[in-house]
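This is what each chain is made of:
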Amino acid sequence: MQIVHDQVRRDVNRFLRGTEEIFMSDVLDITKYGNKAYVRASFGTQFDDMPDYVEYLRQAGEPVPDTAAERGTHTPTGRPLAYRYYFDPAYVSEEVEKIWKKHWQLACRVEDIPNVGDRVAYDVGPLSFLIVHSDENIFKAFWNSCRHRARRLCTDEPESGDMIQCPFHAWSYDLDGKLTWVPREEEFPGIQTGSIGLRPVQCDTWGGNIFINPDLSAAPLRQALGVIPDHFGDCPQEERYTAIRIKKKVHINWKSGLEAFLEGYHVLTTHPSGMPIFGSTHTQTDCWDDGVSAVSRLITPALVPDGWVRDEVTPRLSLELFCNTYDLPAPPEGRGDTVADARNCASKMLADRYLADLGIDFHDRSNSYLVDMHQWFAFPSFFPWWGEGLPWWYNFTPLGNDPDSCVMEIRLLLPKPASGVTPPLPETVWIDFDQKGTDFPHTGQVGRLMDEDMANMEEVHRGMKAADPQVARPLLAIKQEARVRHFQEAYIRAMGIED
């Protein structure tokens, strides 16, 4: 078993490998594509023809996956959200009542509490919930508060046992939340064991993820996820395991944090080193909204040099950089003369590695599945990713009652080996406000990319406070920032905002 774990761990390390040394070499001078000091890149450049993802694949003669070809059915409209909702403490309690007590939200993954009796807390803002593996394949959730004097019953660190006992006065509950023992019961006339218990909230699972909703009358989880389960049918999230888990505290509002990940428009100056490999200018955005679910998707092609650098980066160089980034062998001579061949070559090399290392055969999967970035979002804060290009998910939650703080959770989710043996759940990497991902080298590429985004997000939050109140709203692009528009539209609807 240790041999299998070592092999899987080596595969994890490949995904975590950093890219900094690639782009600081003499091969490519990234300062031409994004001078971060002055926020300038190819100043004045515009594009006459920049087809989005599906149209690009069609023009290139490449098969389009059915899920990518199914375009969004919703076009967000309405006025952008005023900045005061991001920093004014007056709206925190309103968000708790209208969003965090009313919507389905990601709490944890099944693998976090794999055995009957395992449990963990999920904290969101000032709220706390207890998630318990109550029976075989059954998960339940409760308000994380003892009925006696409100002591929290569970923490962020997983616990286990055949009962839930309050550490304060030993009031005890079974795994279904029923009160089973009250020390000195004669002191509590009218309270009988079995007659009361922990207060339940809705709990359901999808894709190995556990969701909760405090609103007992809310529509089922499946409705809240909209088209996502159907689109992930060939990429089952329950067949993945957590290879790395990061929780980053950030001095931003949870909304401004997640909005940074809803668009690829920021790549030009935030992630210039990725432009030779990923074509952000071909990013496709799609939104779906039926009044219950508000979900959206972003797709960016790999091995397609970004429009900003396409005249300076050959397909062969893009392929070489991709292979280096993903720790693949150098591509064979003669491969990568065209974008199509570079994509085919990279996909085959990745599929070869999956088969050799994990026993999983992806050779029949599309280039789109193997190398491109497919990022989804479900309101209010869940980001699952489809395919193997970047197999992550994100989640954003407010931190306490502070509108200026949130927690970003990132997980790297890799396919379970064909053997069925996966490494144990990794320890969560907590990164404090003033720490960076690069302070934790084992987070690798995930930590480095996170750092690039954090620098912008905190300045955005400060800038919101610095804006002239007369014009304190964003000016959002129609397509590139459609998903930001959609999130704000869903937020306005949930909060009942009329201005």
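Anything mentioned here points back to the structure above.
Caption draft 1: Local environment of the overall build of the chain. Scanning the chain from terminus to terminus reveals 15 helices and 17 strands. Expected size for 499 residues packed as a compact globule is a radius of gyration near 23 Å; at 24 Å, the chain falls within 12% of this value. For the chain, the spread of C-alpha atoms along the three principal axes comes to 85 × 65 × 40 Å. Residues counted as buried form 56% of the 499 residues belonging to the chain. For the chain, contacts bridging at least 24 residues in sequence account for 67% of all contacts bridging at least 6. As displayed, the chain offers around 21700 Å² of accessible surface, 51% of which is attributable to carbon and sulfur atoms. Looking at the chain, you have 50 positive and 74 negative side-chain charges, and the mean spots of the two groups are 3 Å apart.

Caption draft 2: Inspection of the pairing of strand E9 (residues 209-213) at higher detail. Burial analysis of E9 places 5 of its 5 residues in the buried class, the great majority of the element. Alternating positions in E9 separate into two faces, Asn209, Phe211 and Asn213 on one and Ile210 and Ile212 on the other, with burial throughout. Judged from the 4 bridges that link them, strand E1 (residues 105-109) and E9 form a sheet pairing that is antiparallel. By the bridge assignment for E9, glutamine 105 is matched with isoleucine 212. Bridging between strand E8 (residues 200-206) and E9 involves 5 bridges; their strand directions are antiparallel. Looking at the pairing, aspartate 204 lines up with phenylalanine 211 of E9. Two successive antiparallel strands, E8 and E9, enclose a turn made up of 2 residues, where glycine 207 displays a positive phi of approximately 60°.

Caption draft 3: Inspection of the packing of aromatic side chains at higher detail. Throughout the structure, instances matching the rule amount to 28 aromatic pairs. Considering the side-chain rings of tyrosine 85 and tyrosine 491, the 6.4 Å spacing of their centres and the 75° angle between planes classify their relative orientation as edge-to-face. With a gap of 406 residues between them, tyrosine 85 in helix H5 (residues 84-87) and tyrosine 491 in helix H15 (residues 482-495) connect regions that are remote in the sequence. Taking the relative accessible area as the measure of exposure, tyrosine 85 reaches 8% and is therefore buried.

Caption draft 4: Region of the structure containing the packing of helix H6 (residues 92-100) against H15. Between H6 and H15, whose axes approach to 9 Å, the crossing angle comes to 95°. One way to sum up the angle between H6 and H15 is to call them roughly perpendicular. Contacts from Glu94, Glu95, Lys98 and Ile99 in H6 reach Tyr491, Ala494 and Met495 in H15. Among the residues making up the contact of H6 with H15, the classes are represented as 4 nonpolar, no polar and 3 charged.

The rules behind each value
Residues numbered from 1 in each chain as written. Predicted model: local features only at pLDDT ≥ 70, side-chain atom pairs only at ≥ 80, totals over all residues. Heavy atoms only, no water. Helix = DSSP H or I, 4+ residues; strand = E, 2+ residues; numbered from the N terminus. Rg over C-alpha atoms; globule rule 2.2 N^0.38 Å. Buried < 20%, exposed > 50% of the residue type's maximum accessible area, 1.4 Å probe, protein only. Contact = heavy atoms within 4.5 Å. Areas by Shrake-Rupley, 256 points an atom, 1.4 Å probe, with all protein chains shown as cover. Lys, Arg positive; Asp, Glu negative; His and termini not counted. Charge placed at Lys NZ, Arg CZ, Asp CG, Glu CD. Pairing = 2+ DSSP bridges. Phe/Tyr/Trp six-rings, centres within 6.5 Å; stacked < 30°, edge-to-face > 60°. Axes fitted to C-alpha atoms, helices over the stretch in contact; angles between N-to-C directions. Parallel < 35°, antiparallel > 145°, perpendicular 65-115°, else oblique. Nonpolar A, V, L, I, M, F, W, Y, C, P; charged D, E, K, R; others polar.

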